[in-house]
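# Examining the three-dimensional arrangement
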Amino acid sequence: MSKLCIVPTPIGNLEDITLRAIRTLKEADFILSEDTRVTKRLLKHFDIEAKVKSFHAYNEHKILEKTLNDIKSSKCVVLVSDAGTPGISDPGFLLIRECVENNIPVECLPGPVAFVPALVASGLPCDRFVFEGFLPHKKGRQTRLKNIAQEKRTSVLYESPHRLVKCLSQIEKFMGADRKVCVARELTKIHEEFTRGTAKEVREYYENKTVKGEIVIIIEGENTSS
Ligand code: SAM
């Protein structure tokens, strides 16, 4: 019986890999990887010998059918991305959907993902939330921000460091200077940092800094403060 197994990998701290992830990587017939160099480094660190094939946003459409046939003729094929959980702002969805439609069992191991620690440690309500991933850079960005402005649940965004201040200014503009936000930067790494406050306070904190690293932005829902 064939299956596709989705294996989350650390988002910084290598100690976050699970015992089950290590065993699954070891037992895989082959590993589909977003960046084979990154995956091979990870495998080397954990002394895992496995066959690695490239599967990324630029080839996933093209090799989908062949990959599906490869999975059908294997026992267990593992999908990994560079960091965190495949399918979450990373390649994976197309292949997973195709496997489901072809009755190939799909498993996803629980493990690292950036938005969960960011949301939980933000101090903003995490009982109900909306994951928005990356906003478009240009077309459609303002519409998405206007929709988030009216969202009652906590919203979660992924953002690049060089667009952080712009994004915080837009949150201020569309949601008001007092809307609470939390910027979670470099999660699980040495320079992990949480900056909590109003959109204005957090924007001012980052404004004259060179912002580096990986970032999750958590935005309070509309009218939840009072
Ligand atoms: N698949 C990943 C996951 O499960 O979270 C996300 C991959 S997406 C291409 C990369 C984005 O995730 C980064 O730009 C950042 O927004 C967020 N991210 C990844 N690692 C992070 C970290 N250590 N700290 C903060 N944000 C992180």
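For the structure, check the block above.
Let me sum up the structure you'll find in this document.

This brings us to the sheet that holds strand 3 (residues 52-54). In spatial order, the strands read 3-2-4-1-5; together these 5 strands make up an open sheet with parallel pairing. The open sheet has two edge strands with one neighbour each: strand 3 and strand 5 (106-108). For this sheet, the mean inter-axis angle between neighbouring strands, taken without regard to orientation, is 25°. Bridge analysis of strand 2 (residues 30-33) against strand 4 (residues 76-80) gives 4 bridges, and the strand direction is parallel. If you follow Leu 32 over to strand 4, its bridge partner there is Leu 79.

Lining the immediate surroundings of the ligand are 19 residues, of which Thr 85, Ile 88, Asp 90, Tyr 158 and Ile 215 lie closest. Contacts to the ligand include Ile 11, whose backbone N or O atom sits 3.0 Å from a nitrogen atom. Between Ile 88 and the ligand, the recorded distance is 2.8 Å, taken from a backbone N or O atom to a nitrogen atom. In isolation the ligand offers 570 Å² of accessible surface; the protein chains occlude 90% of this area. In terms of residue class, the shell around the ligand is made up of 11 nonpolar, 3 polar and 5 charged.

Between helix 3 (residues 64-72) and helix 4 (residues 93-101), whose axes approach to 11 Å, the crossing angle comes to 55°. As summarised for this structure, helix 3 and helix 4 are arranged oblique, according to the angle between their axes. As for how helix 3 packs across helix 4, the hand of that crossing is right-handed. Counted together, Leu 64, Thr 67, Leu 68 and Ile 71 of helix 3 and Leu 94, Leu 95, Glu 98 and Cys 99 of helix 4 form the full contact between these two elements. When the residues that make up the contact of helix 3 with helix 4 are grouped by side-chain class, the tally is 6 nonpolar, 1 polar and 1 charged.

A negative phi angle is the norm for most residues apart from glycine, just as the trans form is the norm for most peptide bonds. The phi angle at Ser 89 is positive, at roughly 50°, despite the residue not being glycine. Mapping Ser 89 onto the fold places it in the loop between strand 4 and helix 4. Phi at Glu 186 takes a positive value of approximately 55°, unusual for a residue other than glycine. Mapping Glu 186 onto the fold places it in the loop between strand 8 (180-185) and strand 9 (193-198). Relative accessible area serves as the criterion here: at 14%, Glu 186 is assigned to the buried category.

The rules behind these values
- Residues numbered from 1 in each chain as written.
- Predicted model: local features only at pLDDT ≥ 70, side-chain atom pairs only at ≥ 80, totals over all residues.
- Heavy atoms only, no water.
- Pairing = 2+ DSSP bridges.
- Helix = DSSP H or I, 4+ residues; strand = E, 2+ residues; numbered from the N terminus.
- Axes fitted to C-alpha atoms, helices over the stretch in contact; angles between N-to-C directions.
- Near = heavy atom within 4 Å.
- Polar contact = N/O pair within 3.5 Å; in protein donor to acceptor, adjacent residues only side chain to side chain.
- Areas by Shrake-Rupley, 256 points an atom, 1.4 Å probe, with all protein chains shown as cover.
- Nonpolar A, V, L, I, M, F, W, Y, C, P; charged D, E, K, R; others polar.
- Parallel < 35°, antiparallel > 145°, perpendicular 65-115°, else oblique.
- Left-handed = near helix turned anticlockwise from the far one by under 90°.
- Contact = heavy atoms within 4.5 Å.
- Buried < 20%, exposed > 50% of the residue type's maximum accessible area, 1.4 Å probe, protein only.

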